Amino acid sequence: MSVKSEPRVGDVMVTEIISINGLATVSDAMELMRRHNVNSLVVDRRDAGDEVGLVLVSDIARQVIAPGRSPERVNVYEIMSKPVWTVPPDMLARYAVRLLARFQLSRAVVVDQDRNPVGIVTLSDLTLGE
């Protein structure tokens, strides 16, 4: 009889990270999201000491589209979330679920030891698993 180990964040995360520069326009972000069929983009760090940012479709809807702002005239850095919750790939999935649920978050950026993004994990990934 073999014992199955508990899943970790790295086992269920999406490893294809779609990123964007914070100086890009929201219009650019929307096009990138459409092209890659994603609901979030990781915002590039400016340098090694900077934190990771994240822009979600809901940020665009709430902060740009609903108030009638022009996506061509708003930069990503103006509406992104930063800093965002990050988790290591070796964290147990059940702990990551607890963390996201406690803070009412839908996703976290997965980072390596140098704090570089290596994936994104959502509550769906963590709950439904592989």
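Residues numbered from 1 in each chain as written. Predicted model: local features only at pLDDT ≥ 70, side-chain atom pairs only at ≥ 80, totals over all residues. Heavy atoms only, no water.

Observations regarding the overall build of the protein chain
Quick note on the threshold: Every helix listed is a DSSP run of H or I at least four residues long, and every strand listed is a run of E at least two residues long, numbered separately from the N terminus. Buried means the residue's accessible area, taken with a 1.4 Å probe over protein chains only, is under 20% of the maximum for its type, while exposed means over 50%, and partly exposed covers the values in between. Should any heavy atoms of two residues lie within 4.5 Å, those residues are considered in contact. Accessible surface area values rest on a Shrake-Rupley calculation with a 1.4 Å probe, where residue burial reflects the displayed protein chains alone. Here Asp and Glu are counted as negative and Lys and Arg as positive; His is not counted, and neither are the chain ends. Throughout, a charge is located at the NZ atom of Lys, the CZ atom of Arg, the CG atom of Asp or the CD atom of Glu.
Assigned secondary structure in the protein chain consists of six helices and six strands. Overall, the protein chain shows an N-to-C arrangement of helices and strands of α-β-α-β-β-α-α-β-α-β-β-α. Per-residue burial over the protein chain gives 39% buried out of 130 residues. Once local pairs closer than 6 in sequence are excluded, the contacts in the protein chain between residues at least 24 apart make up 56%. When the accessible area of the protein chain is evaluated, it comes to approximately 8,000 Å², of which 50% is carbon and sulfur surface. Each charge sign in the protein chain was given a centre, from 15 positive and 17 negative side chains, and these centres are 6 Å apart.

A closer look at the packing of aromatic side chains
Just so we agree on the cut-off: Pairing of aromatic side chains requires ring centres within 6.5 Å, counting the rings of Phe and Tyr and the six-membered ring of Trp. Pairs whose planes differ by under 30 degrees are stacked, by over 60 edge-to-face, and all others tilted.
Tallied over the entire structure, the rule returns one aromatic pair. When the centroid spacing of 4.8 Å and the interplanar angle of 35 degrees are considered together, the rings of Trp85 and Phe103 count as tilted. One end of the pair, Trp85, is in the loop between α4 (76-79) and β4 (86-87); the other, Phe103, is in the loop between α5 (93-102) and β5 (107-111), with 18 residues separating them in the sequence. Owing to a relative accessible area of 37%, Trp85 belongs among the partly exposed residues under this scheme.

Some remarks on the confidence of the model for the protein chain
Heads up, the rule is: Every residue carries a pLDDT, the predictor's confidence in it, which falls somewhere between 0 and 100.
Taken over all residues, the pLDDT of the protein chain has a mean of 93, while the share at 70 or more is 96%. In the model of the protein chain, helix α6 (residues 123-128) stands out as the element of lowest mean pLDDT, 91, in contrast to helix α2 (residues 26-36), which has the highest, 98.

A few points about the side chain of Asp50
The criterion, for reference: Distance and chemistry together define a polar contact, namely a pair of N or O atoms within 3.5 Å, with one atom able to donate a hydrogen and the other to accept it when in protein, and with adjacent residues in sequence counting only for side-chain atoms on both sides.
In this fold, Asp50 is placed in the loop between β2 (40-43) and β3 (53-56). Among the polar contacts listed, one links the side chain of Asp50 to the backbone nitrogen of Arg46, at a separation of 3.0 Å. Here Asp50 is in contact with Arg45 and Lys82, once residues within four sequence places are set aside.

Some details on the sheet that holds β3
Threshold: Any two strands between which DSSP finds at least two bridges are classified as paired.
Strand order in the open sheet formed by three strands is β1-β2-β3, and the pairing between neighbours is mixed. The open sheet terminates on both sides in strands that have one partner only, identified here as β1 (19-20) and β3.

Topic: the side chain of Thr122
Note on placement: Thr122 falls in strand β6 (residues 117-122). In this structure Thr122 touches Ser106 and Arg107, once residues within four positions along its chain are discounted.

A word on the sheet that holds β5
The pairing of strands in a sheet comes from backbone hydrogen bonds and takes either a parallel or an antiparallel form. Within the open sheet, the three strands sit side by side as β4-β5-β6. Their pairing is mixed. At either end of the open sheet lies a strand with only one pairing partner, and these are β4 and β6. With five bridges joining them, β5 and β6 adopt antiparallel strand pairing. In the sheet register, Val110 faces β6, and the bridge partner there is Gly119.

Notes on the nonpolar core
Buried together is how nonpolar side chains tend to be arranged in soluble globular proteins. The line we're drawing: Only buried residues count toward a nonpolar core, which is a set of Ala, Val, Leu, Ile, Met, Phe, Trp, Tyr and Cys residues joined through side-chain atoms within 4.5 Å.
Judged by nonpolar contacts, the single largest core of 17 residues is most densely connected at Ile20, Val26, Leu41, Val55, Ile60, Val76 and Ile79. Every element with two or more residues in this core is listed here: α2, β2, α3 (57-65) and α4. Broken down by element, the residue count for this core peaks at five residues, all from α2. When near neighbours in sequence (up to four residues on either side) are disregarded, Ile60 contacts Val26, Met30, Met33, Val55, Ile65 and Ile79. The next biggest cluster of nonpolar side chains, apart from the first, holds 12 residues, and it includes Val12, Ala96, Val110 and Leu126.

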